[in-house]
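Examination of the molecular architecture
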Amino acid sequence: MMDHIDYMMAIMAEAFDPQWGEAWTRRQLSGSLSLPTIFYRLIGADGVSPDFATNAAAPEGFTPAGFTLTRHISGEEELLLIAVHPAHRGKGLGRKLMELFEQDARSRGAAQMFLEMRSNNPAERLYRSCGYLPIGKRKDYYRLKNGDRLDAVTFSLALT
Ligand SMILES: CC(C)(COP(=O)(O)OP(=O)(O)OC[C@H]1O[C@@H](n2cnc3c(N)ncnc32)[C@H](O)[C@@H]1OP(=O)(O)O)[C@@H](O)C(=O)NCCC(=O)NCCS
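These numbers were taken from a predicted model, which means no experiment stands behind them.

Reading the values: rules and limits
Residues numbered from 1 in each chain as written. Predicted model: local features only at pLDDT ≥ 70, side-chain atom pairs only at ≥ 80, totals over all residues. Heavy atoms only, no water. Pairing = 2+ DSSP bridges. Helix = DSSP H or I, 4+ residues; strand = E, 2+ residues; numbered from the N terminus. Axes fitted to C-alpha atoms, helices over the stretch in contact; angles between N-to-C directions. Contact = heavy atoms within 4.5 Å. 1 Å grid on protein atoms, 1.4 Å probe; cavity = no way out; pocket = protein on both sides within 12 Å on 5 of 7 lines; lining within 4 Å. Points joined across faces, edges and corners; volume = space filled by probe spheres on them. Buried < 20%, exposed > 50% of the residue type's maximum accessible area, 1.4 Å probe, protein only. Right-handed = clockwise from strand over helix to strand, strands pointing away. Near = heavy atom within 4 Å. Polar contact = N/O pair within 3.5 Å; in protein donor to acceptor, adjacent residues only side chain to side chain. Sits in = over half its atoms within 2 Å of the grid points. Nonpolar A, V, L, I, M, F, W, Y, C, P; charged D, E, K, R; others polar.

Here we have six strands laid out as an open sheet, ordered β1-β2-β3-β4-β6-β5, and mixed in their pairing. Of all strands in the sheet, those with a lone pairing partner are β1 (38-44) and β5 (133-143), marking the two edges. Pairs of neighbouring strands in the sheet enclose a mean axial angle of 25°, with direction left out of account. Relative to strand β6 (residues 149-158), strand β4 (residues 112-118) is paired through seven bridges, and the arrangement is antiparallel. Residue pairing across strands places F114 opposite S156, the latter belonging to β6. Along the sheet, helix α3 (residues 93-107) contacts β1, β2 (64-73), β3 (76-84), β4 and β6; its crossing angle with β3, the most-contacted strand, is approximately 160°.

On to the layout of surface pockets. Each pocket or cavity is described by its volume, and for the largest pocket that value is around 1,200 Å³. If you go around the largest pocket, you meet 41 residues; those closest to its centre are F16, I82, N121, A123 and Y127. The set of elements that each furnish at least two residues to the lining of the largest pocket consists of β2, β3, α3, β4, α4 (124-129) and β5. The dominant element in the lining of the largest pocket, judged by the number of residues it contributes, is β3, at eight residues.

Our focus in this paragraph is the pairing of β4. Judged by how many residues are buried, β4 sits mostly within the fold: five of seven residues are covered. With four bridges connecting them, β3 and β4 associate as parallel partners. What sits directly across from E78, in β4, is F114. Once the chain exits β3 it traverses α3 before rejoining the sheet at β4, and the crossover so formed is right-handed.

Here we come to unusual backbone geometry. Notably, S74 is not glycine yet its phi reads approximately 45°, a positive angle. Here S74 lies in the loop between β2 and β3. At D140, a residue that is not glycine, the phi angle is positive and equals roughly 55°. Tracing the backbone through its elements, the reader meets D140 in strand β5. Residue class for D140 comes out partly exposed when judged on its relative accessible area of 32%.

Now for the site of the ligand. For the ligand, the set of nearby residues contains 18 residues, the closest of which are I82, V84, G90, G92 and R95. A distance of 3.3 Å separates an oxygen atom of the ligand from a polar side-chain atom of R125. If you map the ligand onto the pockets, it falls in the largest pocket. Listed by contribution, the elements that provide at least two residues to the shell around the ligand are β3, α3 and α4. Among the residues forming the shell around the ligand, the class breakdown is 10 nonpolar, four polar and four charged.

Right under this line is the structure:
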């Protein structure tokens, strides 16, 4: 049976355009998941996200379609990765993952949400529609394979 890292890596391999160099390696992912500050959510193609907190086996027929990887430190929750497999995009799974991100963050006692994206990522529309606003820019933060640089934009949302 595939484990949860297999599910996430299978989505990662298809979801991130290699030109931006945003996909994590399996080593990076499994290393981060060994930290107590890192959390994840998987979502199925049917929009259901089983509670995987205990790394339990996926329900029968689970088709992994997307995931988030997040970090919680001292009341601050940060979205490290969000990805939906291209075959399952445009059906609201990304928005559902953002809702779960916020819900999970609240349950961990977060007061402030953060995320960072390369400046030309169309996901900005999703983030803004979830209430996130840009709070800062890191100039030339991303180095692309072709040598170009792109700014990183930090978005934040205060939870009330
Ligand atoms: C960003 C991403 C997770 C969105 O997943 P999704 O399941 O297609 O999102 P949804 O169907 O829930 O769409 C949510 C909203 O965002 C908008 N949106 C999402 N991706 C978009 C894109 N690439 N271009 C334009 N709009 C986009 C949709 O129009 C939608 O708005 P609506 O509800 O008003 O119609 C997905 O495109 C993805 O995996 N991208 C590659 C990975 C990535 O760049 N992640 C972010 C950096 S870590």
